[in-house]
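For reference, the chains in residue letters:
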Amino acid sequence: MSTGRDPGLQPERTRLAWRRTLLTVTVVTVLAVRLASTGDPTGALIAGGTVVVWGALLVLCWPRGTGTGPARTGGRTLPLVTAGTVVLALLGVLLVLRGLG
Amino acid sequence: MWEAIRRWFDPAERGSVGETPDYRFSLANERTFLAWLRTGLALVGGGLAAAQFLPPLPMSHLREVIAVALLLLGAAVAIRAVDHWARTERAIRLGQELPASRFPAILALAVGVGALLLVGAVLLRAVGGR
């Protein structure tokens, strides 16, 4: 009891929430790369962009919620993760529109 | 609008109003944001799946319209998530009421209407396709 650890395990729950989010990002990335893989240069470029966004989000989100003490909250990570999600969506729109051309 | 976007990226300004709350409140707010972000990501994933797994539909480009609508809805959900997170954080720091929002109701209605339309399409196909 003297550790000052939150009995509600909020830092741990938050860490798992970040990990779940990364897992979802990974699924979206796999779907985007699959959609992009038609062998043409544009598709390869968009697939590459998707993988870069995935890597950036991985590096950005992995440290979040580590540790069990009064955790780091806020910062710029949340808007940056949102920006990454919006970029993934827009790359997806490009992929869909490419299929029309 | 640009002012709001600048504020999302400025932790120093966010920390300058009100008092620092119990960190667990901030963590709870962060988890709510993440749940919304995953909702947005699921819509993006749904759009990407629709684009590649739906069979060609009777109406031309309907598949692409569905995919782009889901992708843009996902982006909107993500942007709204960070905005709501920032406003909630501010309200917690100032000891104010948490911001109310119609967005969950609107999104639920949109998803419900979309699902009903799909049920209609499937039934129509089952009846007319024979």
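Being a predicted model, the structure only gives us computed values, none of them experimental.

Peer 1: For the overall build of chain A, give the residues involved together with the corresponding values.
Peer 2: Counting its regular elements, chain A contains 3 helices and 0 strands. Tracing chain A from N to C terminus, the helices and strands come up as α-α-α. Looking at chain A residue by residue over its 101 residues, the buried ones come to 43%. In chain A, the share of contacts with a sequence separation of at least 24, taken over all contacts with a separation of at least 6, comes to 73%. Split by element, the accessible area of chain A, about 5200 Å² in all, is 70% carbon and sulfur.

Peer 1: So what's going on with the packing of helix α1 (residues 10-36) of chain A against helix α3 (residues 77-100) of chain A? Which residues, and what values?
Peer 2: Residues and elements named next belong to chain A. Close contact between α1 and α3 brings their axes to 10 Å; oriented N to C, the two are set at 20°. With respect to α3, the axis of α1 lies roughly parallel. Considering the relative orientation of α1 and α3, their crossing is left-handed. Where α1 abuts α3, its residues Trp18, Val25, Val28, Ala32, Leu35 and Ala36 lie against Thr77, Leu78, Val81, Leu88, Leu95, Val96 and Arg98. Broken down by class, the residue content of the contact of α1 with α3 amounts to 11 nonpolar, 1 polar and 1 charged.

Peer 1: I'd love a proper account of the domain arrangement of chain B, names of residues and values included.
Peer 2: Residues and elements named next belong to chain B. Domain annotation of chain B identifies domain 1 (2-99) and domain 2 (101-130). The gap between the C-alpha centroids of domain 1 and domain 2 is 23 Å. On the side of domain 2, 5 residues touch domain 1, which itself brings 9 residues to the contact. A buried area of about 610 Å², summed over both sides, lies between domain 1 and domain 2, and 79% of it is on carbon and sulfur atoms. Among the residues of domain 1 in contact with domain 2, Trp36, Leu73 and Arg80 are the three that bury the most area, contributing 53% of the side total.

Peer 1: Lay out unusual backbone geometry with the relevant residues and their values.
Peer 2: It is generally the case that most residues other than glycine have a negative phi and that most peptide bonds are trans. Residue and element names in this part refer to chain B. Backbone geometry places His61, a non-glycine residue, at a positive phi of 65°. Take His61: it is sitting in the loop between α3 (23-53) and α4 (62-94). Note on His61: relative accessible area 47%, which makes it partly exposed.

Peer 1: Any details on α4 of chain B? Residues and values, ideally.
Peer 2: Between the first and last C-alpha of α4 of chain B there are 48 Å, a value that for 33 residues agrees with the 48 Å anticipated at 1.5 Å per step. Gly95 of chain B, located one to two residues past α4 of chain B, shows a positive phi value of around 70°.

Peer 1: Account for the UniProt feature "transmembrane region" (unreviewed entry) in chain B, naming residues and giving values.
Peer 2: Residue and element names in this part refer to chain B. Mapped onto the present numbering, the UniProt feature "transmembrane region" (unreviewed entry) falls on residues 33-53, 65-82 and 103-124. Secondary structure within residues 65-82 divides into 100% helix and 0% strand; the distance between the first and last C-alpha atoms comes to 26 Å. Between the first and last C-alpha atoms of residues 103-124 the distance is 31 Å; the span itself is 100% helix and 0% strand.

About the thresholds
- Residues numbered from 1 in each chain as written.
- Chains lettered and ligands numbered in written order.
- Predicted model: local features only at pLDDT ≥ 70, side-chain atom pairs only at ≥ 80, totals over all residues.
- Heavy atoms only, no water.
- Helix = DSSP H or I, 4+ residues; strand = E, 2+ residues; numbered from the N terminus.
- Buried < 20%, exposed > 50% of the residue type's maximum accessible area, 1.4 Å probe, protein only.
- Contact = heavy atoms within 4.5 Å.
- Areas by Shrake-Rupley, 256 points an atom, 1.4 Å probe, with all protein chains shown as cover.
- Axes fitted to C-alpha atoms, helices over the stretch in contact; angles between N-to-C directions.
- Parallel < 35°, antiparallel > 145°, perpendicular 65-115°, else oblique.
- Left-handed = near helix turned anticlockwise from the far one by under 90°.
- Nonpolar A, V, L, I, M, F, W, Y, C, P; charged D, E, K, R; others polar.
- Domains from an automatic or database assignment.
- Buried area = accessible area lost by both parts, 1.4 Å probe.
- Expected span 1.5 Å × (residues − 1).
- UniProt positions renumbered as here; feature names shortened; annotations may be inferred.

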